[in-house]
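An overview of the molecular structure
Okay, here's what each chain looks like letter by letter:
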Amino acid sequence: MFYDVRKNDHGLPHDPFKAIVAPRPIGWITSMSKTGEINLAPYSWFNGVSSRPPTVMFSSETRKDSLAFVEETGEFVCNFTTYELREQVNLTSATLPRGVSEMEHAGLAAAPSRLVRPPRVAASPCALECLWLKTVSLEDIDGRPTDRHVVFGQVIGIYIDERFIKDGLLDTGAMRPIQRAGYHDYYTVHPDTRFSMKRPPGGGGGS
Ligand SMILES: Cc1cc2nc3c(=O)[nH]c(=O)nc-3n(C[C@H](O)[C@H](O)[C@H](O)COP(=O)(O)O)c2cc1C
């Protein structure tokens, strides 16, 4: 099948786009307002975009609290989402009034970050402490604003639960990451599904 997105004539009960750009890592973003309120919410339009300097992005579909808080204080933390924490991840996507803590709502303990003010989720095995670089507010091809805002941050500190470091390497699969797909679907990574490949010679930079 093929469909023209401008007509959206896919004929399916639900838009398949998010099931194609999938599975997506989930940035579980902690941020703080200028008056010290703490916010936590999952963003699956999230990824790393550079390894040096380590840089991440998340996209806010409409102007949500995380975006507002990051722009107020210039800092945020990306917590790693795991199968064990799946219910809490979901709970923190609830729309609560500004100033009501999603961490308390989901029964999650906070742990202090080292280099930024927003705390990390204590139970999450990794956390990226970030400084806000910029927000890019997207326009469509006709130049119309889309109310989609991509936040870029540079990672300045990284927390890792050392239980997941084996022989000097971080065992991603052992952390059982969860990733977002289409509809209400998620995937998790099982350590057995890992395979390794060396890059061909002369492959240039990047990963
Ligand atoms: C797994 C998951 C991924 C999500 N990803 C996004 C996303 O990438 N962008 C977005 O705008 N909302 C996303 N949402 C919805 C937000 O988490 C939700 O709107 C939340 O209330 C935003 O919180 P905030 O206003 O405190 O930032 C996602 C929800 C879930 C459960």
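Here goes a summary of the coordinates provided. (Residues numbered from 1 in each chain as written. Predicted model: local features only at pLDDT ≥ 70, side-chain atom pairs only at ≥ 80, totals over all residues. Heavy atoms only, no water.)

Taken together, 19 residues surround the ligand, and among them N39, Y43, W45, E61 and S66 come closest. S44 places a polar main-chain atom, nitrogen or oxygen, 2.8 Å from a nitrogen atom of the ligand. The fraction of the free accessible surface of the ligand (640 Å²) that becomes covered by protein chains is 87%. Put simply, the parts of the chain that give the shell around the ligand at least two residues each are β3 (38-43), β5 (54-61) and α2 (65-73). Among the elements that make up the shell around the ligand, the one with the highest residue count is β3 (four residues). Tallied by class, the residues present in the shell around the ligand amount to seven nonpolar, seven polar and five charged. (Near = heavy atom within 4 Å. Polar contact = N/O pair within 3.5 Å; in protein donor to acceptor, adjacent residues only side chain to side chain. Areas by Shrake-Rupley, 256 points an atom, 1.4 Å probe, with all protein chains shown as cover. Helix = DSSP H or I, 4+ residues; strand = E, 2+ residues; numbered from the N terminus. Nonpolar A, V, L, I, M, F, W, Y, C, P; charged D, E, K, R; others polar.)

Before going further, it helps to examine the sheet that holds strand β1 (residues 24-25). Taken in spatial order, the three strands make up an open sheet running β1-β13-β14, and their pairing is antiparallel. Unpaired on one side and paired on the other, β1 and β14 (186-188) mark the two borders of the sheet. Sheet topology places strand β13 (residues 178-180) next to β14; three bridges connect them, and they run antiparallel. Counted as the bridge partner of R180 is Y186 from β14. (Pairing = 2+ DSSP bridges.)

Here we take up the pairing of strand β4 (residues 46-51). Across a regular strand the side chains alternate sides, sitting on one face of the sheet and then on the other. Direction of pairing for β4 relative to β5: antiparallel, over a ladder of five bridges. Within the sheet, the bridge partner assigned to N47 lies in β5 and is M57. Where β4 folds back on β5, the antiparallel hairpin that results is connected by two residues.

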